[in-house]
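Letter by letter, the chains look like this.
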Amino acid sequence: MTNVATGAGTATTGAQIVSEDDVVRVEDLRLSFYTTLGVVRALNGVSFNIPRGKVLGVVGESGCGKSQTGLSIMQLTPGRIEGGRILFREFNTSEEIDIVKLDKNGPEMRKIRGNHISMIFQEPMTSLNPCYTVGHQIEEAILLHQTQDKAEARRRAVDILRKVGMPNPERIADSYPHQLSGGMRQRAMIAMALSCNPTLLIADEPTTALDVTTEAQILDLMRELQHEIGTSIMFITHNMGVVAQMCDEVAVMYLGRIIERAAVDDIFYNPKHPYTISLLRSIPRLGVARGQKLESIKGTVPDPYSTVPGCPFHPRCPAAIPGLCDAVMPDEVFVDGSRTHTVRCHLYT
Amino acid sequence: MDTAQKNGKSDEILLEVRGLKKHFPIQSGFLRRVTGYVKAVDGIDFYIKKGETLGLVGESGCGKSTTGRTILRLLDPTAGEIIFDDPNIGKVDLAKLNRAQLKRVRPNMQIIFQDPFSSLNPRLTVGQIVGEPLEIQKVASGQALKDRVAELLQEVGIRPENMTRYPHAFSGGQRQRIGIARALALNPKLIVCDEPVSALDVSIQAQVLNLLEDLQEKYDLTYLFIAHDLSVVEHISDRVAVMYVGYIVEMASTEQLYYHPKHPYTEALLAAIPKPDPRKRTRPIKLPGDVPSPANPPSGCYFHPRCRYAEEICKVERPPLRDIGGEHWVACHFAEKLQLQGVTPLNEIPLVELPKRQATAPATTAAAT
Ligand SMILES: Nc1ncnc2c1ncn2[C@@H]1O[C@H](COP(=O)(O)OP(=O)(O)OP(=O)(O)O)[C@@H](O)[C@H]1O
Ligand SMILES: Nc1ncnc2c1ncn2[C@@H]1O[C@H](COP(=O)(O)OP(=O)(O)O)[C@@H](O)[C@H]1O
Ligand code: SF4
Ligand code: SF4
Ligand SMILES: [Mg+2]
Ligand SMILES: [Mg+2]
């Protein structure tokens, strides 16, 4: 196998965290876009797992591949998957399905999508249809996957709207999306996504467009429902505050790769990768160093058409080792002795 | 710590706003008759001192941008006074000036917008964008103009060689820098920053915030800093004003407002900040219902339908914004009585040092694999 993206080194996953109870295990996922301006290597060997009932936060700057990773699991990416596996195991089965091998539009994928795996987006109108009432849309989803009984579907739809904290669920069920506020639409979308008790929920920046007050309530709600249903959540965000409040485990992405992966406490209290450390040092913290300059990461993320030799972070890394970091791609390794904390950086190899 | 003293900020007031209102007419029907008003800004009072940063926060639609635009007279106020201490002509009420008079004051007041992608004209080069205000005000032309533009770009960290390129060739953070260079062109006194870093990634956000602070120090700038990220506002502001449905409900020094809030709405906002510390998980204060529409606000205290401390009087009487001591302004009937929860500082997470560069690099690259 040749590694097109880096031109150097091999990208075999040296260390991947796995658990007995993973609902999804992504292995060495590669995704490209062939555009008139050139090839964009959006994902360059992404590997991670999400254990049952856990919330995995996926963080990184815009363009690093967070959304494309989520869309690949749903087989909704417009790009081309060039390699890797996405092993999925639904509730109460031991059978693993490789999603990459399924036909995008075939019956098996349709059954997984929206039933076993749901996705919610930053902009609720991408998944709510403006022409139908909110209740109707949730009922349709329930009728498609769960029951044939219309009255029962209606009852369940109202029920789930109540669960997501809608003040008057019967009235909301009969409302069209445009009649609801931003926060209520987001709740309606969550209600729809959870109506089938999915094994996995992929949430792509679901609160980024909301006010802090609404955001806090939506996060609280997602936590509660997740405990109740046992759904695993892949929570995509670029907000470290949201990660700390919401996630059990965290994967930090940079330029189409996961560069650090650990339990949320380790990411904040024992970060290892220079990018993670720099990110944490550049966010303003309440009551800390007011009136002093924030630390910032020099430069910007390189443009997606270019390829960076060696470690993709080396042009911006304050700890880069000349002759090594600019030439050789670091392998993913376990942090000293740990089996739950991995990092991709030469400082630890 | 008194930040006002530390930064050599004065007590002189640069801008004072009194009873400012901006109502937008709601027109409906075939005849476009006015059937009501969106009271986007509904009688606000505040002041900004020379050289300070006043943060302005509040939920979406509460009137922050409308406030910013109205004080710059990009929108005409419905009522109220906007008293600006112009360095050349002294105190003037901007609300009363006509177009010609405004043109003389304008260079001293600028604005930076949120969206770095739509706020720059895509058909102009970077040089033209930054130079435009200089040309309009006939401050410079020819080589002098070019030199000034180059200097401004340098100041914000863009290489002057890029003068001939178009905005699409720049990243979000770079475009925001170009917008800042343009705002600086005429040596303004006051800059309204309307969500200047909201669209930027964390690492770029820090760069732009630092730039704004450097420029403030160097050019003695005064900022009205509008943002919804309360951690950013805490970092950059000397004082903070909180808006709710077109009304300022609390204004105080940053320390006072964050650690000793006196308004129930401020308390709820602070509780909702997603704190970047997994050992400090907080649950939001339940705010029933939605933000009311500014076209149809509730009676009495606008916050009463959502306020957990509301009493009968709150439904009928709107509390005025008053100073409860030490320049702490609050619009709540029970400001002195309530014991509200502020934030706790997040100084327990260690600021991890970056690993040291290895003294000697491995001799061959092969050593690593
Ligand atoms: N030109 C206009 N015509 C009618 N209504 C308007 C106009 N501009 C703003 N509004 C209304 O005025 C209110 C305040 O809007 P404004 O843009 O000032 O809010 P904001 O606090 O800046 O919100 P955000 O945080 O979303 O930027 C809103 O209800 C908005 O819909
Ligand atoms: N339709 C597309 N055509 C070409 N490139 C794309 C397309 N969608 C995404 N990309 C590229 O894929 C990379 C990852 O994008 P994305 O997953 O959306 O990032 P994130 O969600 O982390 O901001 C980026 O470099 C982006 O430019
Ligand atoms: S591998 Fe080198 S350049 Fe990359 S993060 Fe580690 S030290 Fe920095
Ligand atoms: S005046 Fe009454 S309703 Fe308004 S904030 Fe104070 S206690 Fe709450
Ligand atoms: Mg995205
Ligand atoms: Mg605004």
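Source: prediction; values computed, not measured. Every residue gets a number counted from 1 within its own chain, in the order that chain's sequence is written. Each chain is given a letter, starting from A, and each ligand a number, starting from 1, according to the order in which they appear as written. Owing to the predicted nature of the model, reporting of local features is limited to residues with pLDDT of at least 70; listing and counting of side-chain atom pairs is limited to 80 or more, with chain, interface and lining totals taken over all residues. Heavy atoms from the whole structure form the basis of all side-chain values; hydrogens and water molecules are not counted.

Topic: the side chain of Lys49(B)
Residue and element names in this part refer to chain B.
Step number 1: Mapped onto the elements of the fold, Lys 49 is located in strand 2 (residues 33–49).
Step number 2: Exposure classes here rest on a 1.4 Å probe applied to the protein chains alone. A residue is buried below 20% of its type maximum, exposed above 50%, and partly exposed in between. Lys 49 sits in the buried class, given a relative accessible area of 10%.
Step number 3: A distance of 3.4 Å separates the side chain of Lys 49 from the side chain of Asp 11, its partner in a polar contact.
Step number 4: In what follows, a contact means two residues having at least one pair of non-hydrogen atoms within 4.5 Å. In this structure, Lys 49 is in contact with Ser 10, Asp 11, Glu 12, Ile 13, Leu 14, Thr 222, Arg 239 and Glu 327, ignoring residues within four places of it in sequence. We count a stretch as a helix when DSSP gives it H or I for four or more residues in a row; a strand needs E for two or more, and each element gets its number in order from the N terminus. Polar contact is the term for a pair of N or O atoms within 3.5 Å; when the atoms are in protein, one must be able to donate a hydrogen and the other to accept it, and sequence-neighboring residues count only if both atoms are side-chain atoms.

Side note on the environment of Ala319(A)
Step number 1: With respect to the helices and strands, the residue Ala319(A) is situated in the loop between helix 10 (274–282) and strand 11 (332–334).
Step number 2: C-alpha separation for the pair Ala319(A) and Tyr275(A), spaced 44 residues apart in sequence, amounts to 9.9 Å.

Side note on the site of ligand 4
Step number 1: If you check the shell around ligand 4, you find 13 residues, and the closest are Cys301(B), Cys307(B), Cys314(B), Cys332(B) and His333(B).
Step number 2: Under this grouping Gly is polar, as are all residues other than the nonpolar Ala, Val, Leu, Ile, Met, Phe, Trp, Tyr, Cys and Pro and the charged Asp, Glu, Lys and Arg. Considered class by class, the residues forming the shell around ligand 4 number ten nonpolar, three polar and no charged. We call a residue near a given molecule or strand whenever any one of its heavy atoms falls within 4 Å of it.

Observations regarding the side chain of Thr53(B)
Residue and element names in this part refer to chain B.
Step number 1: Along the polypeptide, Thr 53 turns up in strand 3 (residues 53–57).
Step number 2: A polar atom in the side chain of Thr 53 sits 3.0 Å from the side chain of Gln 216.
Step number 3: Dropping the residues within four chain positions of it, Thr 53 is found in contact with Gln 216, Tyr 223, Phe 225, Ile 236, Ser 237, Asp 238 and Arg 239.

Quick look at the packing of aromatic side chains
Step number 1: Stacked, tilted and edge-to-face pairs are distinguished by plane angle, under 30 degrees for stacked and over 60 for edge-to-face with tilted covering the rest, among Phe, Tyr and Trp rings (Trp via its six-membered ring) whose centres lie within 6.5 Å. With the rule as written, the count across this model stands at eight aromatic pairs over all chains.
Step number 2: Ring geometry for Tyr244(B) versus Tyr265(B): centroids 4.5 Å apart, planes at 55°, classification tilted. Note that Tyr244(B) is positioned in strand 9 (residues 239–244) and Tyr265(B) in helix 10 (residues 264–272), a separation of 21 residues in sequence.
Step number 3: Members of the aromatic cluster, connected to one another through ring pairs, are Tyr254(A), Tyr275(A) and Phe313(A).
Step number 4: Note on criteria: charge over ring means Lys NZ or Arg CZ within 6 Å of the ring centre, with the direction from the centre no more than 35 degrees off the ring normal. The ring of Tyr269(A) is capped by Arg279(B), whose NZ or CZ atom sits 3.5 Å from the centre of that ring.

Observations regarding the packing of helix 3 (residues 134–145) of chain A against helix 4 (residues 150–163) of chain A
Residue and element names in this part refer to chain A.
Step number 1: Axis definition: a line fitted to C-alpha atoms, over the contacting stretch in the case of helices. Angles run 0 to 180 degrees between N-to-C directions. With their axes 9 Å apart at the nearest point, helix 3 and helix 4 run at an angle of 120° to one another. If you check the angle between helix 3 and helix 4, you find them oblique. Where helix 3 crosses over helix 4, the handedness of that crossing is right-handed. Across the interface between the two elements, Val 134, Gly 135, Ile 138, Glu 139, Ile 142 and Leu 143 of helix 3 pack against Lys 150, Ala 153, Arg 154, Arg 156, Ala 157, Ile 160 and Leu 161 of helix 4.
Step number 2: Among the residues making up the contact of helix 3 with helix 4, the classes are represented as eight nonpolar, one polar and four charged. Note that the term roughly parallel is reserved for angles under 35 degrees, roughly antiparallel for angles over 145, roughly perpendicular for angles of 65 to 115, and oblique for everything else. Definitions for this section: a left-handed crossing has its near helix turned counterclockwise from the far helix by less than a right angle. A right-handed crossing has that turn clockwise.

Examining the site of ligand 2
Residue and element names in this part refer to chain A.
Step number 1: Inspection of the region around ligand 2 gives 13 residues, with Gly 63, Gly 65, Lys 66, Ser 67 and Gln 68 positioned closest.
Step number 2: In the environment of ligand 2, an oxygen atom lies 3.3 Å from a nitrogen or oxygen atom belonging to the backbone of Cys 64.
Step number 3: Gly 65 is positioned such that a nitrogen or oxygen atom in its backbone is 3.0 Å from an oxygen atom of ligand 2.
Step number 4: Where accessible areas are quoted, they stem from the Shrake-Rupley method and a 1.4 Å probe; at the residue level, only the protein chains shown are allowed to cover. Contact with the protein chains covers 69% of the free accessible surface of ligand 2, which is 560 Å².

Things to note about the interface of chain B and chain A
Step number 1: Listed by partner, the interface residues are 67 residues for chain B and 66 residues for chain A.
Step number 2: In total, about 5800 Å² of surface goes out of reach between chain B and chain A, with carbon and sulfur atoms giving 58% of it.
Step number 3: Any carboxyl oxygen of Asp or Glu that lies within 4 Å of a side-chain nitrogen of Lys or Arg is treated as forming a salt bridge with it. Across the chain B-chain A interface, the total number found is six salt bridges.
Step number 4: Note that Arg283(B) is salt-bridged to Glu224(A), the shortest N-O span being 3.3 Å.
Step number 5: At the boundary of chain B and chain A, one finds 23 residue pairs in polar contact (both at pLDDT 80 or more).
Step number 6: Contributions of two or more residues to the side of chain B that touches chain A are made by helix 1 (3–6), helix 7 (202–219), helix 8 (230–236), helix 9 (254–259) and helix 10 of chain B.
Step number 7: It is helix 7 of chain B that provides the largest number of residues to the side of chain B that touches chain A, a total of ten residues. Defined in terms of a 1.4 Å probe, buried area is the accessible area two parts forfeit on being brought together, summed over both.

A closer look at the sheet that holds strand 2 of chain B
Residues and elements named next belong to chain B.
Step number 1: By the convention used here, strands pair only if DSSP detects at least 2 bridges between them. With antiparallel pairing, four strands are arranged side by side in an open sheet as 2-1-4-5. Each edge of the open sheet is held by one strand with a lone partner, namely strand 2 and strand 5 (90–93). Looking at each pair of strands side by side, their axes are set apart by 20° on average, direction ignored.
Step number 2: Of the pairings in the sheet, the one linking strand 1 (residues 13–28) to strand 4 (residues 79–86) comprises five bridges and is antiparallel in character. Its bridge partner being in strand 4, Glu 16 is matched across the sheet by Ile 83.

Purely geometric stuff here, so don't read any function into it on its own.
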